[in-house]
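# Inside the fold
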Amino acid sequence: MKLAESFERQILTWFEHFHAHPEVSWKEVKTTQAIADILDNLGVEYRRFSDVTGLIAEIGEGDEVIAVRAEIDALWQEVDGVWQGNHSCGHDAIISMVLGALLYLKDQRLTKKLRFIFQPAEEKGNGSIAMIERGAIENVSHLFGIHLRPIEELPMGRVSASIHHGAAIFLEGKVHGEDAHGARPHQGKNALDVIVGLHQFVKSIYLSPFKAYSAKLTKVIAGGESLNIIPGSAEFAIDVRAQKNEVLAKLKDQIDHGINSLKDLYGVDIEWNWSDFTPGAEVSAEAESIAEEAILNVAGRETLAPPVITSGSDDFHFYTIKNPTLKAAMIGVGADLQPGLHHPKMTFDKSALDLGARILAETLQRA
């Protein structure tokens, strides 16, 4: 890709390319190559991997390393009746803003090393683990991220120094009862009775009302074409979220206990497993302060917004869970994004991209 005349135009050109070429988690092959081509054109050194997508680039010199993470995957969803990759979470914007920050910084006199982590599979909740295992945060003292926010959180022209994501985990399970004739329910073990009991149990979990949390069934599959057969088996899933990691742990323990009780109550076998745990934010006050100063310096006090508290999750926070000494914060950018993240028709004001890139560049310089 050739460089455009202005940095702002270049960032928009990069966005348009990545938006038109979405790739889902762990399959971001062309996306990784496009980023590598851009870095080649910029004369920036980078490291790729033989077994996973994504790459890590560096500029500057020094023992101290300041890093920024950009997620590069798209969602797989139905758009106008067609299932396809779709950048409805704004990762195309994030790639472009992070590349833009690199563009603003690459010819500056830097006193430390800046690392740019282009991470795969954020939507799977574990792409950050792959980058950690490949040395992404070795010698890193501060880590930053950046993300567009829905209009109800941040309108256009407002930027927050930190996003406080919630924690999330998912359960998938199967009920193993016994089919029966519709006229003889006493001869079987109705899996739907168990599912109804599970639903009532999940809705009856009460923790402190001062701490945000939720648990709900998100999938139930049972029965077939024959309506006179009572189904003995069923599949189900539960989505569990909490603003704090310790609250999520309590929810998980209560659900485990409840399912074991349902097995005894209904006389059935239930198997289940937990997957895709994403930790809640552990925001560093120091990193947040650095980002706040950058926002004030680049855009002024009218741009600075309070911290964003959101029930959504992001695997960015595995970096701090795995390295508790790491000082991290994710910047939230207002862009009049609507109807919402993950909506198939999500749109936003693209003029926010250059602002985000300039604030991120200032943040990395100040860290």
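Computed from a predicted structure; not experimentally measured. Every chain begins its residue count from 1, and numbering advances along the sequence as written. Totals for whole chains, interfaces and linings use every residue, but because this is a predicted model, local features are given only for residues with pLDDT of at least 70 and side-chain atom pairs only at 80 or more, for both listing and counting. Where side-chain values are given, they derive from all heavy atoms of the structure, hydrogens and water being excluded.

Another point: the pattern of salt bridges. Within this document, salt bridges are pairs made up of a side-chain nitrogen of Lys or Arg and a carboxyl oxygen of Asp or Glu, the two lying within 4 Å of each other. Enumeration according to the criterion identifies 19 salt bridges in this entry. A salt bridge links Asp315 to Arg69; the nearest nitrogen and oxygen atoms lie 3.0 Å apart. One end of the pair, Asp315, is in the loop between strand E17 (308-309) and helix H8 (318-322); the other, Arg69, is in strand E3 (residues 65-71), with 246 residues separating them in the sequence. Comparing Asp315 with Arg69 shows no difference in burial state: the two are buried. Residues participating in the shared-partner salt-bridge network are Arg69, Glu71, Asp314 and Asp315. By definition, any uninterrupted DSSP run of H or I lasting at least four residues is a helix, any uninterrupted run of E lasting at least two residues is a strand, and each is numbered from the N terminus. Between buried and exposed lies partly exposed: a residue is buried under 20% and exposed over 50% of the maximum accessible area for its type, with that area taken using a 1.4 Å probe on protein chains only.

Here we come to the pairing of strand E4 (residues 75-79). Remark: a regular strand shows side chains that alternate across the two faces of the sheet. Only one face of E4 is buried: it carries Leu75, Gln77 and Val79, and the other face, with Trp76 and Glu78, is open. Hairpin connection from E4 to strand E5 (residues 82-86): two residues lie between these consecutive antiparallel strands, with Asp80 at a positive phi of about 55°. When DSSP finds at least two bridges between two strands, those strands are taken to pair.

What follows covers the packing of helix H2 (residues 29-42) against helix H3 (residues 91-105). As a packed pair, H2 and H3 sit with axes 12 Å apart at the nearest point and diverge in direction by 15°. Classed by the angle they form, the pair H2 and H3 counts as roughly parallel. Crossing of H2 over H3 shows right-handed handedness. Residues Thr31, Ile35, Ile38, Leu39 and Leu42 of H2 touch H3, and the partners they reach there are Ile95, Leu99, Leu102 and Leu103. By residue class, the composition of the contact of H2 with H3 is eight nonpolar, one polar and no charged. Lines are fitted to the C-alpha atoms to define the axes, a helix being fitted only along its stretch in contact, and any angle between axes, read from their N-to-C directions, falls within 0 to 180 degrees. Should an angle lie under 35 degrees it is considered roughly parallel, over 145 roughly antiparallel, and from 65 to 115 roughly perpendicular; all remaining angles are considered oblique. Crossings are sorted by hand: turned counterclockwise from the far helix by less than a right angle, the near helix makes the crossing left-handed, and turned clockwise it makes it right-handed. Throughout, a contact is declared for two residues whenever any of their heavy atoms are within 4.5 Å. Only Asp, Glu, Lys and Arg are considered charged, only Ala, Val, Leu, Ile, Met, Phe, Trp, Tyr, Cys and Pro nonpolar, and every remaining residue, Gly among them, polar.

As for its position among the elements, Asp314 is in the loop between E17 and H8. Setting aside residues up to four positions removed in sequence, Asp314 forms contacts with Arg69, Glu71, Glu122, His147, His165, Thr278, Pro279 and Met330.

Here the focus is helix H5 (residues 191-203). Helices are assigned an expected span. That span is 1.5 Å times one less than the residue count. The terminal C-alpha atoms of H5, which comprises 13 residues, lie 19 Å apart, in line with the 18 Å expected from a rise of 1.5 Å per residue. Turning to H5, its buried residues are Ala191, Val194, Ile195, Gly197, Leu198 and Val202. One side of H5 holds all its buried residues, which, seen down the axis, span an arc of 165°. As for H5, its buried residues are in contact with strand E10 (167-176), strand E12 (213-222), strand E14 (233-242), helix H6 (245-266) and strand E15 (269-278). Here the arc refers to the set of directions running from the helix axis out to each C-beta atom.

Counting buried positions over the five residues of strand E2 (residues 55-59) gives four, a clear majority of the element. In this sheet, E2 lies alongside strand E1 (residues 45-48) in antiparallel orientation, the contact comprising four bridges. Each bridged residue has a counterpart across the sheet, and for Arg47 the counterpart in E2 is Ile56. With antiparallel pairing between neighbouring strands as the criterion, E1 and E2 make up a hairpin whose turn holds six residues, including Gly54 at a positive phi of roughly 90°. Sheet topology places E2 next to strand E6 (residues 113-119); five bridges connect them, and they run antiparallel. Across the sheet, Glu58 pairs through a bridge with Arg115, a residue of E6.

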